[in-house]
Amino acid sequence: MIRPQEIGYSDELLSDGSVHRRYEDGREEWRRREGSHRDLVRWHDNRNASGTDELLGNRIIKRTLADGTVMYARDIGYGRTLWGRGETVMVNRTSFGGRMGVMLAGLGVAGLAITAAQLPPLSMSPEEEEELRQQQAQSQSSSSGDSGGGGSGDSGDNGTDDWDAGWDNDDDAWSDDDFG
């Protein structure tokens, strides 16, 4: 089991529909969703880095930096996203799932120990990425038939579909767990 460094963050929805994300380690990001299914987030930070985060499916997130560097993460639920080989887990302090995960960890129910099965891939072929995109698209199309759900099908919170929770299903809504 791996015990990753935990870095919390909180999101603030801005009037233009973008998000200002503040990390507990001092980093800040400005994020905006793009794409037909809004599975792509373009971001830049206060350290002159920029890139995109793409939700591929199967809870895998692809981060592409402006220089072309690619890395992967996995949404492991309860507002937590695992990066790299498990050395870092980002915890969404603004989401219900993130707060619930902290409470459960405090009770010893869902500790932050990470298993090898939860690790994101180190690399993926274009074919593997496309297969996950297709899975994500299928997940979204099946969830679009929900009555009043407003979800993406990939909840990020172990079965609670709160993709647009608290934002009244607005087109500019922001996810509680928008690709960690």
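Cut-offs applied
- Residues numbered from 1 in each chain as written.
- Predicted model: local features only at pLDDT ≥ 70, side-chain atom pairs only at ≥ 80, totals over all residues.
- Heavy atoms only, no water.
- 1 Å grid on protein atoms, 1.4 Å probe; cavity = no way out; pocket = protein on both sides within 12 Å on 5 of 7 lines; lining within 4 Å.
- Points joined across faces, edges and corners; volume = space filled by probe spheres on them.
- Nonpolar A, V, L, I, M, F, W, Y, C, P; charged D, E, K, R; others polar.
- Pairing = 2+ DSSP bridges.
- Helix = DSSP H or I, 4+ residues; strand = E, 2+ residues; numbered from the N terminus.
- Axes fitted to C-alpha atoms, helices over the stretch in contact; angles between N-to-C directions.
- pLDDT = per-residue confidence, 0-100.

K.L.:
What's the story with the layout of surface pockets in this structure? I'm lost.
P.N.:
One way to see where empty space is left: roll a probe the size of a water molecule over the atoms. In this model, the second largest pocket occupies a volume close to 190 Å³. The wall of the second largest pocket is formed by 12 residues, among which Arg27, Glu29, Arg63, Met71 and Met90 lie closest to the centre. A breakdown of the residues in the lining of the second largest pocket according to their chemical character gives 7 nonpolar, 1 polar and 4 charged.

K.L.:
Looking at this structure, how should I read the sheet that holds strand β8 (residues 80–83)?
P.N.:
Pairing between sheet strands relies on hydrogen bonds along the backbone, with the strands arranged either parallel or antiparallel. Taken in spatial order, the 9 strands of this closed barrel run β1-β2-β3-β4-β5-β6-β7-β8-β9, and their pairing is mixed. Here the average twist between neighbouring strands, direction ignored, is 30 degrees. Pairing of strand β4 (residues 40–45) with strand β5 (residues 50–57), which is carried by 5 bridges, proceeds in the antiparallel orientation. Bridging from a neighbouring strand, tryptophan 43 pairs with glycine 51 of β5.

K.L.:
What is the right way to read the confidence of the model for the protein chain from this model?
P.N.:
Across the protein chain, the average pLDDT comes to 77, with 66% of residues at or above 70. Mean pLDDT values over the elements of the protein chain span from 55, in helix α1 (residues 96–107), up to 97, in strand β2 (residues 19–23).

K.L.:
So what exactly am I meant to see when it comes to the environment of threonine 115 here?
P.N.:
Summarising the element assignment, threonine 115 is placed in the loop between α1 and α2 (126–143). Between the C-alpha atom of threonine 115 and that of glycine 86, which follows or precedes it by 29 residues, the distance is 8.8 Å.

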